[in-house]
Every structure is written in structure tokens, then in C-alpha cells.
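Coordinate analysis (summary)
The residues making up each chain are set out below.
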Amino acid sequence: MSASDLTSDAVRLAALHRRMDKNSLGGHWQDRERSQKLVPVLWPWSAIEPCLMEAAEVVKLGHAEEANNRRTINLVNPSLAARKSTSRTLQMSVQLVNPGENAEAHRHTPAAIRFVVEGDGIGYTNVEGEQMPMEAGDLILTPNWTWHDHVNPGKKPLIWLDVLDVHMVNLFDAMTFESYPGAPGSNQLFQPVTKQEGDSRRRLGVVRTPRGAHDGSALPYCYKWRDTLSALEERAAAGDSDAHDGILLEYDNPVSGGPTLPTFSCRVQYLAPGTATRPQRHTGSVILHVVRGAGTARVGAKQGEEQELAWGKRDCFFVPSMDWHCFANRSETEPAILFSVSDSPVLRGLGLYREEKA
Ligand SMILES: [Fe+2]
């Protein structure tokens, strides 16, 4: 092939690229933007809390359709800073409702959970008319398209973690939001309480009424911390621990018996004093929150080159999909407890779940 043939091909290729570009077409051989590999991140509570407390003073709660309808601080992955996203699929944020405040009712296609950090059981989330008192460690589900508002008639700030599948919903262009209409002529934009406390537990709990079998639609639910903690402690007492996970429990969905929500699962993990887990990796990213204790996580794309994250009580951290990771409880006397959320149900549903254990 002569030099002039090569020049001719290069000229034609450049012209082809221009023509394709003009017609919104692209060649598989052309350069393109690739997704950036996400890296481990630690958000210390010592950084989150002062920002949250200051926001409580300077950010007033607005109405349902305003951006300040919720006073939440997003945990931002530095690789996803433009969208203030925690991961590509899930958003974890920290929300505060002061005494006397209420965050007005709305509903949206993203499903959400609340994991309570500080709450004395006076403040509550109302989901579909059921008042769910919020005590530290409780997990409350607000499935896709359920009405929810947050009310704090108590004397102490109410603080919790919000996790939403909002980035998945946006990926599928399925975002819809609606403000609560309120009663005609009323400016009270929060829901009336229409169900007795504990209604969903009586209908959906492990021991439940056989009458009126549930129709399978998504319903709110609250997993009380006292039940979760006793399940962990019973297993700890029985020595029922796994080399890669310690004691790892899943919050099963009470309707389906499957993952907590169709799009993400919630888990709680107990690491006995002085114990460490063996390395593993899997598809699906995980966002963790330290409920109790202190320790370290070794996280990284290559074994032997992991980054060490030192975590303490209430810190949050991120383990990217397919990164090797293992955790250690550095205390010789106190257990460590981690709450986590993962997009693994979606990966399993799509046939994309893989795992490897060392
Ligand atoms: Fe919401």
C-alpha cells in the first residue's frame, strides 16, 4: 500500500467521522468516554455531624415541592461529585428534623429506607397513614410510591440515614414525584394518622394474622432495633459466625421474603471483639454505616494493594463493586456492628452477580 493510499484512507476516515457525528452516529472503533472506576470512600461522622447541625440552623425546612423540603446531607463519592451521588445506583444521605418540625408528605418512584441514628421514639415517620416511631437502630421501609412524611413532636433532634435507589430510577428515566395534596381547604401538608401503631407488623410480621392475606403490593414496614440486636446477639452466643462475613443478617422483605426492596438489600453485620473477616469481592457496591464499635476495612481493586479505612461509630464508608474487602474489629472487648445497603438484588436479577472468596 502506497503512502498516498494511506493518506487517502485517513482523509476519508476523517470525513466519515465528521459525517457520522453530524448524523448522531458513532463507530465502535472510535474513542469514547469510559466509566471511571469508583474508589473506596470514608465519611467520618466527625465531618458529617457538624455540617448537619449547622444545616439545622441555617437551612429552614421548605414545602414539599421546594429543594429544601428535606434537610439532608448527601454522602458524595468524589468520582460522582457533579451529581452528589454516593454510588452509581444508590444515594445515602443523613437527615435531621428538629423538634417541632415536620417534613411534608410526598411520594416518588424511588424507594427508600430510613435507618435511625438518633431518635427517642417520639418523632416518627408516617408511611401510608401508619405512624412509625423512630428509635435508634430502627429500619423503616418506604417502598416505591408510598406517601411519607417525617414529624418530630419531641424535644431532641431526630437524625437518620436515608437510602434511595434514585440513581437507578433516573437511569431508567422513571422518576416521578408527587406532593401530598392535603385535605381540601387545608394547608396541613402532612398525612393524617389512619392506622394504629404496629399495623404493618401485625399484618406482615413473622407471626401474623392469617386473615386477609396480603395482596403482594409494597407496604411500609419497620424492623425494630431490639429485634435486630437480639437476633445478632443470639447468633453471637451460639458462635454462628462466617469466616468472610462474621455474623451477617439480611432484612428480608416481609411480603416477598426476598431482598429488603426489589432494588436494594439491607444487612446488618456483627464482628465479635478482636475478629477479622477474610477477603472477598463481588459485583454490586456496598455502602456501610457503623452502628457500634471501631475497626478497619481493607478495600481495593487488587489484593495486596488495598486501602485501609479506619472507621468508628456512626462513620459511613463505600466499597466499590468488585473491590476486594475485609473488615476487622480492633476492640478486644466490644463487638462492632455495621449496617449496610447493597444493589445486589438488581445484579442477581439481571444475572450479573459474581463473587469470589479468598
Ligand atoms: Fe421522600
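This write-up is about the structure you can find in this document. (Residues numbered from 1 in each chain as written. Predicted model: local features only at pLDDT ≥ 70, side-chain atom pairs only at ≥ 80, totals over all residues. Heavy atoms only, no water.)

Our focus in this paragraph is the pattern of salt bridges. All chains considered together, the criterion is met by 14 salt bridges. The closest approach of N and O atoms between Glu135 and Lys224, which form a salt bridge, is 2.9 Å. Within this pair, whereas Glu135 is found in strand S7 (residues 130–135), its partner Lys224 is found in the loop between strand S12 (221–223) and helix H5 (225–238), the two being separated by 89 residues in sequence. With a relative accessible area of 30%, Glu135 lands in the partly exposed category. The class of Lys224 is buried, set by a relative accessible area of 7%. Note that Arg281 and Glu356 form a salt bridge whose closest N and O atoms lie 2.8 Å from each other. Taken as a pair, Arg281 in strand S15 (residues 280–282) and Glu356 in strand S22 (residues 355–357) lie far apart in primary sequence, 75 residues in all. (Salt bridge = Lys/Arg side-chain N within 4 Å of Asp/Glu carboxyl O. Helix = DSSP H or I, 4+ residues; strand = E, 2+ residues; numbered from the N terminus. Buried < 20%, exposed > 50% of the residue type's maximum accessible area, 1.4 Å probe, protein only.)

Quick look at the side chain of Arg71 now. Along the chain, Arg71 turns up in the loop between helix H2 (45–58) and strand S2 (72–74). For Arg71, the side chain forms a polar contact with the main-chain oxygen of Ala55, separated by 3.4 Å. A polar contact is formed between the side chain of Arg71 and the backbone oxygen of Val59, at a distance of 2.9 Å. Excluding residues that lie within four positions of it along the chain, Arg71 makes contacts with Leu52, Ala55, Ala56, Val59, Lys60, Leu61, Val94, Gln95, Leu96, Val97, Asn98 and Glu101. (Polar contact = N/O pair within 3.5 Å; in protein donor to acceptor, adjacent residues only side chain to side chain. Contact = heavy atoms within 4.5 Å.)

The next thing to look at is the pairing of strand S14 (residues 265–271). Among the seven residues in S14, six count as buried, and that is most of the element. In this structure, S14 lies alongside strand S21 (residues 336–342), joined through seven bridges in antiparallel fashion. Bridge assignment links Val268 to a residue of S21, and that residue is Phe339. (Pairing = 2+ DSSP bridges.)

A few words now on the side chain of His167. Positionally, His167 belongs in helix H3 (residues 166–171). With relative accessibility at 12%, the residue His167 sits in the buried group.

Let us look at the sheet that holds S7. The strands that make up a sheet pair up through hydrogen bonds in the backbone, lying either parallel or antiparallel. Across the sheet, five strands lie side by side as S7-S6-S9-S4-S11; this open sheet has antiparallel pairing. A strand with exactly one partner marks an edge of an open sheet, and here the two such strands are S7 and strand S11 (177–179). If you compare each strand with its neighbour and ignore which way they point, the axes differ by 30° on average. (Axes fitted to C-alpha atoms, helices over the stretch in contact; angles between N-to-C directions.)

At Asp173, a residue that is not glycine, the phi angle is positive and equals roughly 50°. Along the chain, Asp173 turns up in the loop between H3 and S11. Overall, the relative accessible area of 72% leaves Asp173 in the exposed class. In this structure, Met322 is a non-glycine residue whose phi angle is positive, near 70°. Counting through the fold element by element, Met322 comes out in the loop between strand S19 (316–319) and strand S20 (324–329).

All right, on to the pairing of S21 then. Among the seven residues of S21, seven are classified as buried, and the element is accordingly described as predominantly covered. Judged by which residues are buried, S21 turns out to be covered on both faces: Ala336, Leu338, Ser340 and Ser342 on one side and Ile337, Phe339 and Val341 on the other are all buried. Inspection of the sheet shows strand S16 (residues 286–292) paired to S21 by six bridges, in the antiparallel sense. By the bridge assignment for S21, Ile287 is matched with Val341.

Turning our attention to the nonpolar core. Ranked by size, the top nonpolar core spans 45 residues in total, and within it Ile113, Phe115, Leu139, Tyr251, Phe339 and Val341 carry the most contacts. If you tally residues by element for this core, the top one is H2, at four residues. Counting residues in hydrophobic clusters, the runner-up holds 13 residues, among them Leu288, Val290, Leu309 and Leu338. (Core = buried A, V, L, I, M, F, W, Y, C linked by side-chain atoms within 4.5 Å.)

Right, let's talk about the packing of aromatic side chains for a bit. Counted according to the given criterion, the structure contains eight aromatic pairs. Both rings, one in Phe317 and one in Phe327, keep their centres 5.7 Å apart while their planes meet at 85°; by these two values the pair is edge-to-face. A residue pair is termed long-range when its members are at least 10 positions apart, and Phe317 in strand S19 and Phe327 in strand S20 qualify at ten residues. Aromatic rings pair up to connect Phe115, Tyr221, Tyr223, Trp225, Tyr251 and Phe339 into one cluster. The lysine or arginine in question, Arg348, covers the ring of Tyr353, its NZ or CZ lying 3.9 Å from the ring centre. (Phe/Tyr/Trp six-rings, centres within 6.5 Å; stacked < 30°, edge-to-face > 60°. Lys NZ or Arg CZ within 6 Å of the ring centre and 35° of its normal.)

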